[in-house]
Amino acid sequence: MSKLETNQVDPATGTTLTLGTSGDTIAIPSGVTIANSGTQTGFGGTNTPYFRAHQTTSQSVSNTTQTIVNFNTEDFDTDNNFASNRFTPTTAGKYYLSWSVGADMNSTANTAQATLFKNGSSELARARRTFYVGGTVQNFHSSCIVTANGSSDYFEIKFWHNQGGTITTNNEAVDTFFQGYKIIE
């Protein structure tokens, strides 16, 4: 093994510098810092797919009924994985998901919750609260990291309350939304 010591290596012709050939391994020892002032391609990763959808039309939710929240407006959806109020990522991996549901809680001493479900039935995480003051919009916000298989797993938000009648969600984009992205592993 020989050692080359230099401060800069430039290609002899053209604008591409190639290190090694197919099948070679380029080792970077522990403690070495790689400073990238250019454009990164071909390594690292991206946080895609990612999406954000929100509600622009209020939704009625009946007493003690798990109701799928309608997110009828997409702000962005990089890989077209959000449709029919659910996120179905087509890339396997871990995802950071967050959601919020705003609702007019019109009575006291009742409970409501916005829950993330996987594949329609597995409860993963929820924002739950018991009310002692009613008559104002309350936001139920939570987040978690989930694993998706990249083919059939899907995620949706359901809202539930026990106020005794029907309540209405708040259709403000900052109050009722569902969003997430793939975590670079």
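Read on for a plain summary of the structure.

The sheet built from five strands is open, its strands ordered β4-β1-β13-β7-β10 with antiparallel pairing. Of all the strands in the sheet, just β4 (73-77) and β10 (136-148) have a single pairing partner and so form its edges. Each neighbouring strand pair of the sheet contributes to a mean axis angle of 10°, computed without reference to strand direction. As paired strands, strand β1 (residues 50-54) and strand β13 (residues 177-182) are joined by five bridges and run antiparallel to one another. Note that in β13 the partner of A53 across the bridge is F178.

Before going further, it helps to examine the packing of aromatic side chains. The relation between two aromatic rings is expressed through the spacing of the ring centres and the mutual angle of the planes. Overall, the coordinates contain nine aromatic pairs when judged by the stated rule. With centroids separated by 5.8 Å and ring planes inclined at 40°, the aromatic side chains of F71 and F178 adopt a geometry described as tilted. Here F71 is found in the loop between β3 (67-68) and β4, whereas its partner F178 is found in strand β13, with 107 residues between them in sequence. Looking at F71, the relative accessible area reads 3%, which means it is buried. A relative accessible area of 0% means that F178 is categorised as buried. One aromatic cluster is present, formed by F51, F71, F82, F87, Y95 and F178 through successive ring pairs.

The subject of this paragraph is the pairing of strand β11 (residues 155-161). The buried fraction of β11 is high, at seven of seven residues. In β11, alternate side chains face the same way, and those of F155, I157, F159 and H161 on one face and E156, K158 and W160 on the other are all buried. The pairing of strand β8 (residues 111-118) with β11 spans seven bridges and is antiparallel. Within the sheet, the bridge partner assigned to A112 lies in β11 and is H161.

Calculation notes
- Residues numbered from 1 in each chain as written.
- Predicted model: local features only at pLDDT ≥ 70, side-chain atom pairs only at ≥ 80, totals over all residues.
- Heavy atoms only, no water.
- Pairing = 2+ DSSP bridges.
- Helix = DSSP H or I, 4+ residues; strand = E, 2+ residues; numbered from the N terminus.
- Axes fitted to C-alpha atoms, helices over the stretch in contact; angles between N-to-C directions.
- Phe/Tyr/Trp six-rings, centres within 6.5 Å; stacked < 30°, edge-to-face > 60°.
- Buried < 20%, exposed > 50% of the residue type's maximum accessible area, 1.4 Å probe, protein only.

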